[in-house]
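Residues per chain are reported as follows:
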Amino acid sequence: MGRLIKFEFRRLFSQKSFYICTGILMLITVLQIRSSWNMRVDFGLDGAGFVQESLINSGTTFLFIILLGIFSALFICEDYSSGTIRVIVTRGYSRAKIYFAKLIVLCIAALIMLCLCWISALATATVVYDGVNTSMNMMFLLAMLGQALLVIAYACLFNAAASAVQKTGGAIALCIVLPMTVTIILTLLETTLNRGRTGNEIELCKYWLEQLISELSIVSPPRESLQLVFRAAPIYTAVTTGLGLLFVFKREY
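The structure contained in this document is the topic of the report that follows. Numbering of residues starts from 1 in every chain and runs along the sequence as written. Residue-level local features of this predicted model are given only where pLDDT is at least 70; pairs of side-chain atoms are given and counted only at 80 or more, and the full residue set underlies all totals for whole chains, interfaces and linings. Excluded from the side-chain calculation are hydrogens and water; included are all heavy atoms of the structure.

### Quick notes on unusual backbone geometry
No. 1: One non-glycine residue, Q166, lies in the positive phi region at around 60°.
No. 2: By the criteria applied, helices consist of DSSP H or I runs no shorter than four residues and strands consist of E runs no shorter than two, each listed in order from the N terminus. Within the secondary structure, Q166 sits in the loop between α7 (138-165) and α8 (168-193).

What follows is the structure in structure tokens.
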């Protein structure tokens with residue numbers, strides 16, 4: 001297992017897609033923070049909380065999730081598309097070990113991307129805002145931890161999608177549309193189930209990853225939102241990990 005993980009890390013750091021996706025995210029983070037600061041100046045707003053807001057928003061954008069999905073598809077499908085997976089299997093490694101080695105490295109890569117966005121946000125916000133105040137309370141730090149857990153959950157979801165398709169083009173398309181498709185389906189279900197209700201409406205979207213991560217895009221998120229994230233993220237991670245493993249075992253190499 002250790003040799004497989006080392007192999008996947010070498011493959012990760014040799015992939016141009018990892019550096020391109022990460023670089024784009026860091027660049028967009030810098031540009032968004034600079035633009036946000038210019039708007040504050042134009043409207044005469046003070047800089048109170050600007051650094052904290054910039055930091056907490058950097059890993060919750062729609063673009064971050066989309067680029068993570070694209071990179072996940074490229075990373076997971078490379079061995080399947082090139083046929084390298086057959087060579088690895090013939091060397092005596094089980095499918096489960098190969099699967100988990102890929103998944104572990106993918107999750108670490110996702111966290112690296114998130115941390116680099118945080119660093120870019122903190123550095124940029126600190127530069128543009130003089131008299132910086134970067135004090136962070138416990139709720140803020142818990143929100144950042146929650147973001148990290150949700151990013152891992154997204155990585156596991158994209159891994160399952162890519163493992164099901166195992167073709168680069170199809171996996172990229174699926175990883176891009178999947179989060180939006182689930183949101184649309186849940187919204188339609190909510191509308192249908194709540195038709196005629198005057199109270200105790202059913203809320204399905206609040207449990208989906210997109211809504212969960214958006215709840216953590218503020219400096220002081222509600223305690224209830226944090227509790228829901230810390231309960232839901234491990235469930236999503238476990239379920240999608242199991243589905244991805246099932247997809248791998250159903251394929252012939």
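### Side note on the nonpolar core
Nonpolar side chains in soluble globular proteins tend to end up buried together.
No. 1: Among the buried residues, those of types Ala, Val, Leu, Ile, Met, Phe, Trp, Tyr and Cys that are joined through side-chain atoms within 4.5 Å form a nonpolar core. Buried, partly exposed and exposed residues are distinguished by accessible area as a fraction of the type maximum, computed with a 1.4 Å probe on protein chains only: under 20%, between the cut-offs, and over 50%, respectively. Ranked by size, the top nonpolar core spans 72 residues in total, and within it F64, L68, F71, M113, L150 and Y154 carry the most contacts.
No. 2: Among the elements that take part in this core, helix α6 (residues 95-128) stands out by supplying 16 residues, more than any other.
No. 3: Note on contacts: a residue pair qualifies if any of its non-hydrogen atoms lie within 4.5 Å across the two residues. Ignoring any residue separated from it by four or fewer positions in sequence, one finds Y154 in contact with I65, L68, P179, L209, E210 and I213.

### Here we look at helix α2 (residues 16-42)
No. 1: A helix is expected to span 1.5 Å for every residue after the first. With 27 residues, α2 extends 39 Å from end C-alpha to end C-alpha; this agrees with the ideal 39 Å at 1.5 Å per step.
No. 2: Residues S17, F18, C21, T22, L25, T29, I33, W37 and R40 constitute the buried set of α2.
No. 3: Elements in contact with the buried residues of α2: α1 (2-13), α3 (50-57), α4 (62-82) and α6.
No. 4: Directly beyond the C-terminal end of α2, a positive phi value near 70° is found at G44.

### Looking at the packing of aromatic side chains
No. 1: Two rings from Phe, Tyr or Trp (for Trp, the six-membered ring) form a pair when their centres are within 6.5 Å of each other. A pair whose planes differ by under 30 degrees is stacked, one over 60 is edge-to-face, and the rest are tilted. Under the definition given, this model contains 8 aromatic pairs.
No. 2: On the numbers, 5.5 Å between centres and 50° between planes, the contact of F18 with F71 is tilted. You can see F18 sitting in helix α2 and its partner F71 sitting in helix α4, a full 53 residues away along the chain.
No. 3: With relative accessibility at 0%, the residue F71 sits in the buried group.
No. 4: Aromatic rings pair up to connect F9, F13, F18, Y19, F71 and F75 into one cluster.
No. 5: Look at NZ for Lys and CZ for Arg. If either is within 6 Å of the ring centre and within 35 degrees of the ring normal, a charge sits over the ring. Sitting above the plane of the F75 ring, R11 keeps its charged end 4.3 Å from the centroid.
No. 6: For K102, the ring lying beneath its charged end belongs to Y80, and the centroid distance is 5.7 Å.

### Thoughts on a positive patch on the surface
No. 1: Residues R3, K6, R10 and R91 make up a contiguous surface patch of positive charge.
No. 2: Tracing the sequence through the fold places R91 in the loop between α5 (84-90) and α6.
No. 3: By relative accessible area, which is 66% here, R91 ends up exposed. Residues enter patches when they are more than 30% accessible in relative terms and free of salt bridges; like-charged ones are connected within 9 Å and nonpolar ones (Val, Leu, Ile, Met, Phe, Trp, Tyr) within 5 Å. Values of accessible area rely on a 1.4 Å probe in the Shrake-Rupley scheme; residue burial ignores everything except the protein chains shown. Take a side-chain nitrogen of Lys or Arg and a carboxyl oxygen of Asp or Glu: if they are within 4 Å of each other, that pair is a salt bridge. Working convention for charge: Lys and Arg count positive, Asp and Glu count negative, and His plus the chain ends are omitted. All charge positions are set by atom: Lys at NZ, Arg at CZ, Asp at CG, Glu at CD.

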